[in-house]
Structures are given as structure tokens and as C-alpha cells.
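Chain and residue survey
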Amino acid sequence: MSSSKDKKEEKHVKLEDVAEETGEFIGKGIRKTWSVMKSFGKGVVDTIETKEGRKNVATLTCSHCGASIPTQSNFCAKCGKKIL
Ligand SMILES: [Zn+2]
């Protein structure tokens with residue numbers, strides 16, 4: 001049963017190597033994840049900005065007083081007349 005003992009020892013040594021490698025790998029992974037998270041956060045901000053931008057862009061000008069009002073409005077917020 002010396003072969004199994006050798007195997008066990010080999011496994012033990014390998015585990016230490018694996019632990020070291022895993023630590024390195026995790027370190028790299030965290031760095032990678034961090035950059036992914038960073039870009040994800042940036043994407044969220046970009047999405048919000050795009051949404052806000054679209055909201056701002058989605059306006060029309062009142063034909064009565066010239067005020068800019070959201071397209072969903074039925075009446076002008078400034079002069080109160082019906083939007084055509
Ligand atoms: Zn108006």
C-alpha cells in the first residue's frame with residue numbers, strides 16, 4: 001500500500017500548488033471581474049444618461065406659445081392649450 005501513500009503525498013503537494021495557483025487565478029479573476037464591474041457600472045450610467053437624454057429629446061414645441069413640452073402631453077404646461 002505504498003503506492004496509495006505516494007499518491008496521497010503527491011496529492012497533498014499538488015494541493016498546495018493548486019492553492020497557490022488558485023490564489024493567483026482568483027487574484028487575476030478579481031482584477032478581471034473588477035474591470036468588468038467597472039465597465040458594467042459605466043454601462044449602467046450610460047444607459048441612464050441615454051434614457052434621460054431620450055426623455056429630454058422626446059419633446060415637442062407648443063404651436064401656441066412655443067414652449068417645449070413632453071410628447072405624451074395632451075395640453076401645454078405653459079399656456080394650457082391642447083396639443084395637436
Ligand atoms: Zn403652449
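A few points on the structure. (Residues numbered from 1 in each chain as written. Predicted model: local features only at pLDDT ≥ 70, side-chain atom pairs only at ≥ 80, totals over all residues. Heavy atoms only, no water.)

1. Describing the overall build of the protein
So the rule is basically this: Numbering goes from the N terminus for both helices and strands, where a helix is a DSSP run of H or I of at least four residues and a strand is a run of E of at least two. For every residue, the accessible area (1.4 Å probe, protein chains only) is compared with the maximum for its type, and the residue is labelled buried under 20%, exposed over 50%, or partly exposed between those bounds. When checking whether two residues touch, look at their non-hydrogen atoms; a contact exists if any pair is within 4.5 Å. Only the protein chains shown count as cover for residues, and all accessible areas are computed by the Shrake-Rupley method using a 1.4 Å probe.
A tally of helices and strands in the protein yields 1 helix and 2 strands. In the protein, the succession of helices and strands from N to C terminus is α-β-β. For the protein, the residues scored as buried account for 6% of the 84 residues in total. The contacts in the protein between residues at least 6 apart in sequence include a share of 0% that link residues at least 24 apart. Surface summary for the protein: the accessible area is close to 7800 Å², and the carbon and sulfur share equals 59%.

2. So, the nonpolar core
Selection criterion: Side-chain atoms within 4.5 Å link the members of a nonpolar core, which is a set of buried Ala, Val, Leu, Ile, Met, Phe, Trp, Tyr and Cys residues.
Formed by Cys62, Ala67, Ile69, Cys76 and Ile83, the largest nonpolar core amounts to 5 residues. Non-local contacts of Cys62, meaning those with residues more than four positions away in its chain, are made with Ala67, Ile69, Cys76, Cys79 and Ile83.

3. What to know about a nonpolar patch on the surface
For clarity, the threshold we go by: The patch calculation keeps residues exceeding 30% relative accessible area without a salt bridge and links them within 9 Å when they carry like charges or within 5 Å when they are nonpolar (Val, Leu, Ile, Met, Phe, Trp, Tyr). In the sections that follow, a salt bridge refers to a side-chain nitrogen of Lys or Arg positioned within 4 Å of a carboxyl oxygen of Asp or Glu.
Residues Phe25, Ile26 and Ile30 make up a contiguous nonpolar surface patch of about 340 Å² in total accessible area. Within the element layout of this structure, Phe25 appears in helix α1 (residues 2-57).

4. A closer look at the coordination of the zinc ion
So the rule is basically this: Nitrogen, oxygen and sulfur within 2.8 Å of a metal are treated as its donors, or within 3.2 Å for sodium, potassium and calcium (Na, K, Ca); water is not counted, so a site can appear incomplete.
Protein coordination at the zinc ion: the donors are Cys62 (SG), Cys65 (SG), Cys76 (SG) and Cys79 (SG), at 2.2 to 2.3 Å from the metal. In primary sequence terms, the donor set of the zinc ion follows C-x2-C-x10-C-x2-C. Placement of the pair is Cys62 in the loop between β1 (59-61) and β2 (68-70) and Cys79 in the segment after β2, with a sequence separation of 17 residues.

5. Some words on a negative patch on the surface
Note the cut-off: Residues counted as positive are Lys and Arg, residues counted as negative are Asp and Glu, and His and the chain ends are not counted. Every charge is mapped to an atom, namely NZ of Lys, CZ of Arg, CG of Asp or CD of Glu.
On the surface, Glu16, Asp17, Glu20, Glu21 and Glu24 cluster together into a patch of negative charge. Note that Asp17 resides in helix α1. Accessibility expressed as a relative area gives 41% for Asp17, which makes it partly exposed.

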